[in-house]
Amino acid sequence: MTMSWKNSRIEFERASRVIPGGVNSPARAFRAVHGHPIVMQKAEGPFLYDVDGNRYIDYIGSWGPMILGHRHPKVVSAVKSELDRAMSYGAPSPLEADLAERVVAAVPSVDQVRMTSSGTEAAMSALRVARGYTGRDFIIKFAGCYHGHVDSLLVQAGSGAMTLGTPTSPGVPADLVKQTLVLRYNDIDQLHDTFRQRPGQIAAVMLEPVVGNMGLVAPVSGFLETLRKLTRDDGALLIFDEVMTGFRLAYGGAQERFGIIPDMTAFGKIIGGGMPVGAYGGRADVMAKVSPAGPVYQAGTLSGNPLAMASGIATLDLLRVPGVYDRLEFLADRLARGLEKAAQDAGIPHTVPRVGSMLTLFFHPEPVLNVDIASQADTERFARFFWKMMSRGIYWPCSQFEALFVSLAHTEELIDETIAAARESLCEIAHEEMSPGSAPAPWPT
Ligand code: HOZ
């Protein structure tokens, strides 16, 4: 367990002089685990390589997009051949319809789709279209769900905002947030109450149908069904944020897996295959409101960028190979069960929720149904575990409130190596906790 992170520290210090906090997104800052980020220089298949030459089995996959593993040869070759033609047109290219056709064919609720450059843009735009379509202003979101850094959605948000203790960010106008109603995830009674209290006022309910941003939290039976019924009866739109779950939990996303058809869907991550892409889509009559077909304005200089489209198309085509999702399910199940057994044997309170190839090892003994329960997890124990895994070459999400992503590049052997590392780490933690202060802090100081 002797891993040097000297060059990472030097690079991070250099970055910190010119970039706020040394990172271009707070979720990767490692603050909750008391260290500095590990700075990467190469990624290949299931592995990341840092600037000190250390290799890691990667369970973040760039926070979700790398479902095939890093640099799949067919994706690389698709991007390279597009690169020989153009980097950006600022004009339509056939690739945009090629990717849109794939999304429309795959996702049950989507008749039309508009490309953006990020998931944040997709969520933000879907919300504007929903308000434009319904002529209503109120929206419902759920505490602990994260939909990017959009003003009206950055309220009691999960992911980095929750990790860093700013779930509702300064800089978001109080007046704007008055139109955001924040409810408890999985609380069916509260949903009924809210729609009863505000009939005909709610433009949209936006949620992660399976949450990846407070750790992995699955919907309880009846939650999505109730949401569908209440929104439909009220004339509000149901928007699924499938930025993480789209093309991951099934080819048609969470909506295919759970059989619930929303009115609109936000995408990101996998549809760009690792390039900066988002998209939002939905029913034809709703999407008819989007400019220039309709009056709701939304735009983007790099939207539909040919390199990003080529990467997304190649990725989606590789995900259509029969057996792909069964394989992901098998690998992730093996990992979840192995982690559960390792924690149980070490006597560490835990729960390991999993849906498809997303999972979280929560240091909490009860099922995690919402952000209040997630917040009770032992984040200090998590921080110790995180660094013990890192020093064993396992790149784990740097917050208790993020999910692990299993890819098709992982193998049974790598999963078993990960479980063995977790077993050793958890046993060490159990031992150290019996004689507090006996072991040095596992994070780089
Ligand atoms: N949704 C991602 C993590 N939960 C975002 C990563 C980021 O904010 O950098």
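Provided above is the structure to which this section pertains.
The following paragraphs examine the structure supplied in this document. (Residues numbered from 1 in each chain as written. Predicted model: local features only at pLDDT ≥ 70, side-chain atom pairs only at ≥ 80, totals over all residues. Heavy atoms only, no water.)

**Let's talk about the site of the ligand**
Then comes step 1: All residues in the neighbourhood of the ligand are listed as S25, A27, W63, S159, N213, M244, K269 and E402.
Then comes step 2: At 2.4 Å from a nitrogen atom of the ligand is found a side-chain nitrogen or oxygen belonging to N213.
Then comes step 3: Bound to the protein, the ligand loses 86% of the 280 Å² it would expose on its own.
Then comes step 4: Tallied by class, the residues present in the shell around the ligand amount to three nonpolar, three polar and two charged. (Near = heavy atom within 4 Å. Polar contact = N/O pair within 3.5 Å; in protein donor to acceptor, adjacent residues only side chain to side chain. Areas by Shrake-Rupley, 256 points an atom, 1.4 Å probe, with all protein chains shown as cover. Nonpolar A, V, L, I, M, F, W, Y, C, P; charged D, E, K, R; others polar.)

**Details of the environment of P46**
Then comes step 1: By the element assignment, P46 lies in the loop between β1 (40-44) and β2 (47-50).
Then comes step 2: Looking at P46, the relative accessible area reads 10%, which means it is buried.
Then comes step 3: When the C-alpha atoms of P46 and T315 are compared, they prove to be 16 Å apart, with 269 residues separating the residues in sequence.
Then comes step 4: If near-sequence neighbours (up to four positions away) are discounted, P46 is found in contact with Y56, I57, D58, A409, H410 and L414. (Helix = DSSP H or I, 4+ residues; strand = E, 2+ residues; numbered from the N terminus. Buried < 20%, exposed > 50% of the residue type's maximum accessible area, 1.4 Å probe, protein only. Contact = heavy atoms within 4.5 Å.)

**Remarks on helix α2 (residues 73-83)**
Then comes step 1: Those residues of α2 lying buried are V75, A78, V79 and E82. Projected down its long axis, α2 carries its buried residues within an arc of 95°, all on one side. Exposed residues on α2 whose side chains face more than 90 degrees from its buried face are P73 and K80.
Then comes step 2: Here the buried face of α2 lies against α3 (94-106) and α11 (306-319). (Arc of directions from axis to C-beta.)

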